[in-house]
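So the chains spell out like this:
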Amino acid sequence: MEEIIEKVPQENIEQAETPQPVVEEKKSRIATRDSGIELLRIFCMIFIIAHHFACHNGFEFVATDFGFNRFLVQFLYSGGKIGVDVFVLITGFFMYKSNVVKFDRIFKLWLQLFTFNIIIYLVFLVCGQYEFNWQELLHNLLPISFERNWFVSAFFVLTLLIPPLNVMIKNLTQKRHLIILIIGTIIWSIIPTLIWDKNYFFSNWEYNSIIWFIYLYVLGAYVHKYGFGKKEHGAAFYILLSLAIFVLNCGATFLVALAGKENKFFFTNRNYLFEMQTVPVLLMSVLLLMGFSKLKIGNNKVINFISATTFGIYLIHDNDIFRVWLWHDVVRGASYQDDPKLILIAIISIIVIFIACGAIEFIRQLTIEKLYKKPIEALGARIDTAMHEAMPDKQIIK
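Owing to the predicted nature of the structure, the values given are computational and were not obtained by experimental measurement.

All right, on to the overall build of the protein chain then. Secondary structure assignment for the protein chain yields 19 helices and two strands. Counting every position in the protein chain, which comprises 398 residues, the buried fraction comes to 52%. Counting only contacts in the protein chain whose residues sit at least 6 apart along the sequence, the fraction spanning at least 24 positions is 86%. With the model as given, the accessible surface of the protein chain reaches about 18400 Å², and the carbon-plus-sulfur share is 68%.

Here it is as structure tokens:
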């Protein structure tokens, strides 16, 4: 048998795992609602960091190696796309009632990305870790235009589309809303899952991240408006059901890995069931949203505080310059590939990255953001008013 080497997928710049898709919300709104969703955001960011540990460290396993470390890395890999789907679902869950874009939030989103891109670029440039060139500088100055971060670029466009999407959602009957979701689920989730070929899906179904985010947004709105099924269940039911699907999906992935020993197709697509558009990941994401939205933990200031830093945590640790240094020069996870200490290295790395990047983001909020917060909010309010006058919240479809 031809020896097959398993190389944990190295996600490219265009498709590095993301993260926090939720537009910053007013403190007054966060203060008046339960913190269950905020807790979910924290867990999802941990999933994403764990995913990046698995896919950016450069692990390579022989296909016939079924040792503990290989499945540890596979396990860490599995949660990233769940985090992506959940973050966008949360946006639809909360934002579908709004009839205008909050432009101050859009500006803050762009400035947050811009700030970290420029600071990281300049620091690495000054320290001699990166060579200057004009094209790289331009890409860092215009991070959305040059899709410096695939998730933020797609989410930025989704945010601009929120007003017309919400007009549609508000004027749909439940039946019409459900029909749209059924069609979208068949085209962009069920068929791709059955085809089991990510490349075919991306090249033949007119698919891109923006289309998928729009679908998730509309789905998140439906979950909030109607839920699923006539019988309501508690938080534990939905969370445990999501965990059950996760376990089954891990089992299926293990069987695919076994088949990959002899069949190159299965080897190449061994992680496909954990891609963000597949049925299992979609189901888990929706169930987690439903479960944590019903979690009665009250308004928790600590959870809300940590949750507010998750987007910054993502932007820092998955910056395309910073992450090469982080994973290959600092963490060096691949050097522990055959070491029993790998699980300890993974746990420590995930915790330290979360805390350190969260602290940096908090400092940014206290310093740099305060410099532009008031003028940005004033400008955003003017644009919001103009948009509201152009798109009044009226019922259009009878």
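Moving on: the packing of helix H2 (residues 36-56) against helix H14 (residues 279-293). In contact at an axis separation of 7 Å, H2 and H14 are set at 140° when each is read in the N-to-C sense. As judged from the angle between their axes, H2 and H14 are oblique. The way H2 lies across H14 gives a crossing that is right-handed. Taken together, the residues of H14 that come into contact with H2 (itself represented by Gly36, Ile37, Leu39, Leu40 and Phe43) are Leu288, Leu289, Phe292 and Ser293. Residues belonging to the contact of H2 with H14 are distributed by class as follows: seven nonpolar, two polar and no charged.

A few words on empty space enclosed by the protein. In this approach the atoms are scanned with a rolling probe the size of a water molecule, which exposes any empty space left behind. Per the counting criterion, the structure on display carries four cavities of 30 Å³ or more. As a volume, the second largest cavity reaches approximately 50 Å³.

Let us now look at the confidence of the model for the protein chain. Across the protein chain, the average pLDDT comes to 84, with 85% of residues at or above 70. Ignoring residues within four places in sequence, the model shows residues 1-6, a span with pLDDT below 50, making 23 contacts including any to other chains.

Under the definition given, this model contains 22 aromatic pairs. Through successive ring pairs, a cluster of aromatic residues spans Trp150, Phe151, Phe155, Phe213 and Tyr314.

A full pass over the atoms with the stated rule returns eight salt bridges. When the shortest N-O distance is used, the salt bridge between Glu377 and Lys108 registers 3.0 Å. Residue Glu377 is found in helix H19 (residues 368-390), and its partner Lys108 is found in helix H5 (residues 103-126); the two are separated by 269 residues along the sequence. Residue class for Glu377 comes out partly exposed when judged on its relative accessible area of 29%.

Attention now goes to the side chain of Thr253. Within the secondary structure layout, Thr253 lies in helix H12 (residues 235-259). With near-sequence residues (within four places) excluded, Thr253 lies in contact with Gln74, Arg270, Leu273 and Phe274.

Contact pair H2 / helix H17 (residues 322-331): the axes reach a minimum separation of 11 Å and the direction vectors enclose 70°. Judged by the angle between their axes, H2 and H17 are roughly perpendicular. Contacts from Ile49, His52, Phe53 and His56 in H2 reach Arg323, Trp327, His328 and Val331 in H17. The class makeup of the residues in the contact of H2 with H17 is four nonpolar, three polar and one charged.

So, on to unusual backbone geometry. One non-glycine residue, Arg332, lies in the positive phi region at around 50°. Within the fold, Arg332 resides in the loop between H17 and helix H18 (342-366). On the basis of relative accessibility, which here comes to 40%, the residue Arg332 falls in the partly exposed class.

Between its terminal C-alpha atoms H2 stretches 30 Å, which fits the 30 Å expected from 21 residues at 1.5 Å a residue. The element H2 is largely enclosed, with a buried count of 18 among its 21 residues. At the exit of H2 stands Gly58, carrying a positive phi of roughly 80°.

Note that an α-helix has 3.6 residues per turn; residues three or four places apart therefore point the same way. Along its 25 residues, H12 runs 36 Å from first to last C-alpha, staying within 8% of the 36 Å computed at 1.5 Å per residue. Those residues of H12 that sit buried are Ala235, Tyr238, Ile239, Ser242, Ile245, Phe246, Asn249, Thr253, Val256 and Ala257. For H12, the elements touching its buried residues are helix H3 (68-77), helix H4 (80-95), helix H13 (264-268) and H14.

It is worth spelling out the environment of Asn57 at this point. For Asn57, the location among the structural elements is in the loop between H2 and strand S2 (60-62). Given the relative accessible area of 3%, Asn57 is considered buried. Once the C-alpha coordinates of Asn57 and Arg323 are considered, the two residues, 266 residues apart in sequence, prove to be 9.5 Å apart. Separated by 2.9 Å, the side chain of Asn57 and the backbone oxygen of Phe53 make a polar contact. In terms of polar contacts, Asn57 uses its side chain to reach the backbone amide nitrogen of Gly333, at 3.0 Å.

Cut-offs used in this document
Residues numbered from 1 in each chain as written. Predicted model: local features only at pLDDT ≥ 70, side-chain atom pairs only at ≥ 80, totals over all residues. Heavy atoms only, no water. Helix = DSSP H or I, 4+ residues; strand = E, 2+ residues; numbered from the N terminus. Buried < 20%, exposed > 50% of the residue type's maximum accessible area, 1.4 Å probe, protein only. Contact = heavy atoms within 4.5 Å. Areas by Shrake-Rupley, 256 points an atom, 1.4 Å probe, with all protein chains shown as cover. Axes fitted to C-alpha atoms, helices over the stretch in contact; angles between N-to-C directions. Parallel < 35°, antiparallel > 145°, perpendicular 65-115°, else oblique. Left-handed = near helix turned anticlockwise from the far one by under 90°. Nonpolar A, V, L, I, M, F, W, Y, C, P; charged D, E, K, R; others polar. 1 Å grid on protein atoms, 1.4 Å probe; cavity = no way out; pocket = protein on both sides within 12 Å on 5 of 7 lines; lining within 4 Å. Points joined across faces, edges and corners; volume = space filled by probe spheres on them. pLDDT = per-residue confidence, 0-100. Phe/Tyr/Trp six-rings, centres within 6.5 Å; stacked < 30°, edge-to-face > 60°. Salt bridge = Lys/Arg side-chain N within 4 Å of Asp/Glu carboxyl O. Expected span 1.5 Å × (residues − 1). Polar contact = N/O pair within 3.5 Å; in protein donor to acceptor, adjacent residues only side chain to side chain.

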